[in-house]
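Structural overview for review
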Amino acid sequence: MNWDKSEKLFGRAQELIPGGVNSPVRAFGAVGRHPFFVERAQGPWLYDADGNQYLDYVCSWGPGILGHAHPRVIEAVQKACANGLTFGAPTAKEVELAELIHTCVPDVEMVRLVSSGTEAVMSAVRAARGFTGREKIIKFAGNYHGHADGLLVKAGSGLMTQSVPDSAGVPAGYAASTLTAVYNDEASVRTLLEEHHGQVAAIVVEPVAANMGVVVPKKGFLEFLRRITKEQGTILIFDEVITGFRLALGGASQYTGVQADLHTFGKIVGGGMPLAAYGGRRDIMSCVAPLGQVYQAGTLSGNPVAVTAGIETLKILIEDTGIYERIDRRAQTLAAAFQNAGLTVNRAGSLLSAFFTPGFGEKAGRVENYEDACACDTKAFAAYFNSMLNRGIYVAPSQFEAMFVSDAHTDALIKMTCEVIAEECS
């Protein structure tokens, strides 16, 4: 493949944009190359500035559950644009989207629309603190909840570590209120709650982790979090920016059978547009201004164009009940191909990751937490990424990101991908 135009665009971008990209993983640094620049997308395909075509398993990091440029979504958005791009005032569509979210996830009794997943999680944490009157929160090593100051906290080698900011520019005081536990480790959570008894406002967790690669919760882990948070008067927040409306129409609550107090949604809920949401129990959400004293606002919150894309996407998912069965089955087929090639595979619905763990085949290690993920062979992953890209298949350019299957990935395309996996990974 030729990437001359992308190389020139990247050179220009580096002059004015930090690292040449507007989100770090797009720089392709982990796979030892420069990024290609996308020109357009349709269905399961991406087309770059040089005219190269790629079968896309990144799906814009999750929103593309229907594939790119779904005709119904595009038509609805185009009509919405003709009426104006932003009003800074309430619209009927905001109410309609809120009603659809509640219909899909009934334990979301009230919801507030925002513009990004980071904003949604930051606001949910603030609501939990305002409701409980407590300051500390517990998160899990390897769970990413956006780039708000208090959530950029590094985990160490032990079960728990002293909270250290994971980014320059984050005051230590912000990080001090964030306690880090080990995903899938009940004892680490118990210890933190005992050491900080009566001080923890919320436990925030990805119900299926998807930012250290896909890591599924062990049997009983989410149930344990639900039980112990109720005992401690602590709010349980499911960060469903990725899992919301992907694992199932009802998100993690439906998929796992565990209900959280608050949920955050992004990606699919906006149909590919910059939109996110947080919501949950009515008594907690009633603390949010203007009803309560927890302040949160946004000029573009509930943007009419973004809301339109979200409404149309959710309507399609509600109407076509076979989508989730199809994408689950196709992801299962991909997972089997990776396993047959000797890789460790974690999967939850249409989310999956192939890990280059120490060992091979039956001797390959499990990936159950952040420490396991960090032990993977990133050089082997980079070689795999580049070989797949050269074959016209685009997977996430990091060992620690998920692979997404959309409804646009036909059985024939899945079969073709499995053949390439067998050739490139075995």
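A brief report on the enclosed structure follows. (Residues numbered from 1 in each chain as written. Predicted model: local features only at pLDDT ≥ 70, side-chain atom pairs only at ≥ 80, totals over all residues. Heavy atoms only, no water.)

Some remarks on the packing of aromatic side chains
- Scanning all chains against the criterion turns up 13 aromatic pairs.
- On the numbers, 4.3 Å between centres and 15 degrees between planes, the contact of Phe36 with Tyr54 is stacked. With Phe36 in the loop between α1 (4-16) and β1 (38-42) and Tyr54 in strand β3 (residues 53-56), the pair connects residues that are 18 residues apart, well separated along the chain. With respect to burial, Phe36 and Tyr54 carry one shared label: buried. (Phe/Tyr/Trp six-rings, centres within 6.5 Å; stacked < 30°, edge-to-face > 60°. Helix = DSSP H or I, 4+ residues; strand = E, 2+ residues; numbered from the N terminus. Buried < 20%, exposed > 50% of the residue type's maximum accessible area, 1.4 Å probe, protein only.)

Description of the sheet that holds strand β14 (residues 351-355)
- The three strands lie next to each other as β13-β14-β16, forming an open sheet whose pairing is antiparallel. Each end of this open sheet is capped by a strand with a single partner; those strands are β13 (344-348) and β16 (403-404).
- Running over the sheet, helix α11 (residues 323-340) touches β13, β14 and β16 and is turned about 170 degrees from β13. (Pairing = 2+ DSSP bridges. Contact = heavy atoms within 4.5 Å. Axes fitted to C-alpha atoms, helices over the stretch in contact; angles between N-to-C directions.)

A short note on the pattern of salt bridges
- According to the stated counting rule, one finds 19 salt bridges in the structure shown.
- With a shortest N-O distance of 3.6 Å, Arg190 and Glu186 are connected by a salt bridge. Here Arg190 pairs with Glu186, and both are found in helix α6 (residues 186-195), just four residues apart, close to one helical turn.
- The exposure class of Glu186 is partly exposed, given its relative accessible area of 27%.
- In this structure, the salt-bridge partner of Arg226 is Asp261, at a minimum N-O distance of 2.9 Å. Here Asp261 lies in the loop between α8 (251-256) and β11 (262-265) and Arg226 lies in helix α7 (residues 221-232), a separation of 35 residues in the sequence. (Salt bridge = Lys/Arg side-chain N within 4 Å of Asp/Glu carboxyl O.)

Considerations on the pairing of β11
- Alternating positions in β11 separate into two faces, Leu262 and Thr264 on one and His263 and Phe265 on the other, with burial throughout.
- Note that strand β10 (residues 235-240) and β11 share four bridges and pair parallel. Looking at the pairing, Asp239 lines up with Thr264 of β11.
- Taking the sense of rotation as the criterion, the β-α-β connection linking β10, α8 and β11 turns out right-handed. (Right-handed = clockwise from strand over helix to strand, strands pointing away.)

A word on the environment of Glu371
- Tracing the backbone shows Glu371 in helix α12 (residues 370-374).
- A residue is classified by how much of its surface remains accessible, and Glu371, at 56% relative accessible area, is exposed.
- With 128 residues separating them in the primary sequence, Glu371 and Thr243 have C-alpha atoms 22 Å apart.

A word on empty space enclosed by the protein
- A full pass over the atoms with the stated rule returns one cavity of 30 Å³ or more.
- Taken as a whole, the largest cavity spans an internal volume of roughly 90 Å³.
- Taken together, Leu352, Ser353, Ala354, Phe381, Tyr384, Val395, Ala396, Ser398, Gln399, Glu401, Ala402 and Met403 make up the lining of the largest cavity.
- Listing elements by their share of the lining of the largest cavity, those giving two or more residues are β14 and α13 (378-390).
- Considering each element in turn, the lining of the largest cavity owes the most residues, three residues, to β14.
- For the lining of the largest cavity, a count of residues per class yields eight nonpolar, three polar and one charged. (1 Å grid on protein atoms, 1.4 Å probe; cavity = no way out; pocket = protein on both sides within 12 Å on 5 of 7 lines; lining within 4 Å. Points joined across faces, edges and corners; volume = space filled by probe spheres on them. Nonpolar A, V, L, I, M, F, W, Y, C, P; charged D, E, K, R; others polar.)

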